[in-house]
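For reference, the chains in residue letters:
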Amino acid sequence: MANVPVAVVTGSNKGIGFAIVRALCKQFPGDVYLTARDPGRGQEAVAKLQEEGLHPLFHQLDIDDLQSIRALHDFLKEKYGGLNVLVNNAGIAFKVRDTTPFAVQAEVTLKTNFFGTRNVCTELLPLVKPYGKVVNVSSMASSSALGGCSRELQEKFRSDTITEDELVELMTKFVEDTKKSVHEKEGWPNTAYGVSKIGVTVLSRIQARMLNEKRKGDHILLNACCPGWVRTDMAGPKATKSPDEGAETPVYLALLPSDADGPHGQFLSNKTVRTW
Ligand code: NAP
């Protein structure tokens with residue numbers, strides 16, 4: 001199977017991830033993996049797409065669980081000798097009315113959205129083949145949260161030299177600061193989801209830079225994007241886009257032609273590069 005192109009979408013049993021798999025099944029010339037932390041929910045989602053005449057494959061993936069990520073790594077390496085498209089879509093958000101203490105919300109949200117996504121990247125990016133595409137689903141909430149940061153934090157998050165270790169330190173500090181109830185004094189905005197997505201956008205900028213430095217000749221394109229405000233369990237029924245519409249920008253980035261030299265290391269919404 002080493003010559004069969006393969007695409008993987010995290011958190012794709014429902015919502016935008018599910019719609020991304022649907023679109024890739026129609027447009028990507030290879031195997032498309034719908035992944036879910038719960039195999040039952042994953043298989044149900046696969047069956048739904050099969051009813052539409054589509055043929056996604058399934059693999060379990062819980063991005064909070066390093067063993068699960070490594071099992072997917074080993075499977076892809078063994079069966080395909082790598083990976084062509086990776087869409088990091090899995091994410092969580094507490095509802096506005098949720099009364100869970102903010103420090104707990106911060107820890108739980110950062111754990112999945114930032115640290116889980118980062119662990120997937122650490123394990124799977126080395127498998128991405130030349131001309132591969134990586135799409136990290138962030139949010140416009142990352143831009144608005146950036147605007148709510150102190151000037152010092154904004155400078156760090158916009159820096160072209162910030163390292164992954166420094167970013168991890170900052171994300172860890174946010175969680176620690178919420179536990180001590182000093183996060184606002186320390187220059188953080190009052191949004192755990194927003195900060196977690198700052199982490200995803202900045203991580204993408206760093207990873208794109210690393211690809212430029214270490215794998216320049218491989219022509220891999222890696223970007224972050226916002227899907228828009230999408231009617232899913234996360235955003236609710238009042239959102240303006242359908243899941244299929246929300247999938248458009250991530251799918252556009254996942255299917256950039258092999259002769260494209262950009263976008264790379266950018267943050268996009270509505271298929272348009274946004275200023276960070
Ligand atoms: P959703 O309907 O709640 O779906 C989230 C998906 O992520 C589900 O499949 C969920 O699985 C999965 N997931 C959560 N934690 C996971 C983990 N630890 N391991 C693996 N999968 C996990 O949300 P959505 O609206 O489609 O959101 C998809 C992405 O778009 C997220 O990154 C979100 O932050 C981003 N986004 C959404 C909007 C919007 O308006 N909807 C706007 C901006 C950005 P379970 O079913 O098992 O929970």
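Given the structure is predicted, the values throughout are model-derived calculations rather than measurements. (Residues numbered from 1 in each chain as written. Predicted model: local features only at pLDDT ≥ 70, side-chain atom pairs only at ≥ 80, totals over all residues. Heavy atoms only, no water.)

So what exactly am I meant to see when it comes to the overall build of the chain here?
Helix and strand content of the chain: 10 helices and eight strands. Relative to a compact globule of 276 residues, whose C-alpha radius of gyration would be 19 Å, the chain shows 18 Å and is just as compact. For the chain, the C-alpha atoms occupy an extent of roughly 55 × 40 × 35 Å along the three principal directions. Out of the 276 residues belonging to the chain, those deemed buried represent 52%. Considering only contacts in the chain between residues 6 or more positions apart, those separated by 24 or more positions represent 72%. Counting only carbon and sulfur atoms, one obtains 50% of the accessible surface of the chain, whose full area is about 12,700 Å². (Helix = DSSP H or I, 4+ residues; strand = E, 2+ residues; numbered from the N terminus. Rg over C-alpha atoms; globule rule 2.2 N^0.38 Å. Buried < 20%, exposed > 50% of the residue type's maximum accessible area, 1.4 Å probe, protein only. Contact = heavy atoms within 4.5 Å. Areas by Shrake-Rupley, 256 points an atom, 1.4 Å probe, with all protein chains shown as cover.)

Help me understand the site of the ligand, please; the structure alone is not making it clear to me.
Around the ligand there are 29 residues in total, and Arg37, Asn89, Tyr193, Val230 and Thr232 lie nearest to it. The contact in question runs from an oxygen atom of the ligand to an N or O atom on the side chain of Lys197, over 2.9 Å. Between the ligand and Thr232 there is a distance of 2.5 Å, counted from an oxygen atom to a side-chain nitrogen or oxygen. The protein chains hide 94% of the 900 Å² of surface that the ligand would expose on its own. Looking at the shell around the ligand, the elements that each hand over two or more residues are α1 (15–27) and α8 (192–214). (Near = heavy atom within 4 Å. Polar contact = N/O pair within 3.5 Å; in protein donor to acceptor, adjacent residues only side chain to side chain.)

Would you take a moment to explain the pairing of strand β1 (residues 6–9) for this structure?
Consecutive side chains of a regular strand alternate in pointing toward one face of the sheet and then the other. Here β1 shows no split at all, with Val6 and Val8 on one side and Ala7 and Val9 on the other all buried. Pairing of β1 with strand β2 (residues 31–36) involves four bridges; the strand directions are parallel. Bridging across to β2, Val9 finds its partner in Leu34. On the question of chirality, the crossover connecting β1 to the parallel β2 by way of α1 is right-handed. As judged from the three bridges shared by β1 and strand β4 (residues 83–88), these two strands associate in the parallel manner. Across the sheet, Ala7 pairs through a bridge with Val85, a residue of β4. (Pairing = 2+ DSSP bridges. Right-handed = clockwise from strand over helix to strand, strands pointing away.)

Can you walk me through the packing of aromatic side chains in this structure?
In this description, a pair of aromatic rings is defined by centroid distance and the angle of the planes. Counting across every chain of the model gives eight aromatic pairs. Geometrically, the ring pair formed by Phe75 and Tyr80 is edge-to-face, given 6.4 Å between the ring centres and 70 degrees between the ring planes. Judged by relative accessible area, which is 24%, Phe75 ranks as partly exposed. Judged by its relative accessible area of 0%, Tyr80 falls in the buried class. On the numbers, 6.0 Å between centres and 50 degrees between planes, the contact of Phe157 with Trp188 is tilted. Residue Phe157 is located in helix α6 (residues 151–158), and its partner Trp188 is located in the loop between α7 (164–179) and α8; the two are separated by 31 residues in the primary sequence. Put simply, the rings of Phe102, Phe157, Phe174 and Trp188 pair up and form one aromatic cluster. When the ring centre of Phe18 is taken as reference, the NZ or CZ atom of Lys48 above it lies at 5.6 Å. (Phe/Tyr/Trp six-rings, centres within 6.5 Å; stacked < 30°, edge-to-face > 60°. Lys NZ or Arg CZ within 6 Å of the ring centre and 35° of its normal.)

I'm lost on the nonpolar core in this one. Help?
Nonpolar side chains tend toward joint burial in soluble globular proteins. Residues Ile20, Val21, Leu24, Leu34 and Val87 are the most contacted members of the largest nonpolar core, which totals 33 residues. Among the elements of the structure, β1, α1, β2, α2 (39–51), β4, β5 (128–137), β6 (221–226) and α10 (248–254) are those that each provide at least two residues to this core. The leading source of residues in this core is α1, at eight residues. Ignoring anything within four residues of it in the chain, the contact list for Val21 reads Val9, Ser12, Val32, Tyr33, Leu34, Leu49 and Pro56. (Core = buried A, V, L, I, M, F, W, Y, C linked by side-chain atoms within 4.5 Å.)

Hey, could you run me through the packing of helix α4 (residues 102–124) against α8 in this one?
Each pair of packed helices gets described by two things: the angle between the helix axes and the distance between those axes. Direction vectors running N to C along α4 and α8 enclose 20 degrees, while the axes themselves pass 8 Å from each other. As far as their axial angle goes, α8 and α4 are roughly parallel. Where α4 crosses over α8, the two elements pack in a sense that is right-handed. In contact with Phe102, Gln105, Ala106, Thr109, Leu110, Asn113, Phe114, Arg118 and Cys121 of α4, α8 contributes Ala192, Tyr193, Ser196, Lys197, Gly199, Val200, Leu203 and Gln207. (Axes fitted to C-alpha atoms, helices over the stretch in contact; angles between N-to-C directions. Parallel < 35°, antiparallel > 145°, perpendicular 65-115°, else oblique. Left-handed = near helix turned anticlockwise from the far one by under 90°.)

Help me out: how do you make sense of the packing of α1 against α2 in this one?
Axis separation between α1 and α2 bottoms out at 11 Å; the angle between their running directions is 40 degrees. When the axes of α1 and α2 are compared, the pair comes out oblique. For the pair α1 and α2, the sense of crossing is right-handed. Packed against α1, whose contacting residues are Phe18, Val21 and Arg22, the element α2 presents Ala45, Lys48 and Leu49 at the interface. Tallied by class, residues from the contact of α1 with α2 come to four nonpolar, no polar and two charged. (Nonpolar A, V, L, I, M, F, W, Y, C, P; charged D, E, K, R; others polar.)

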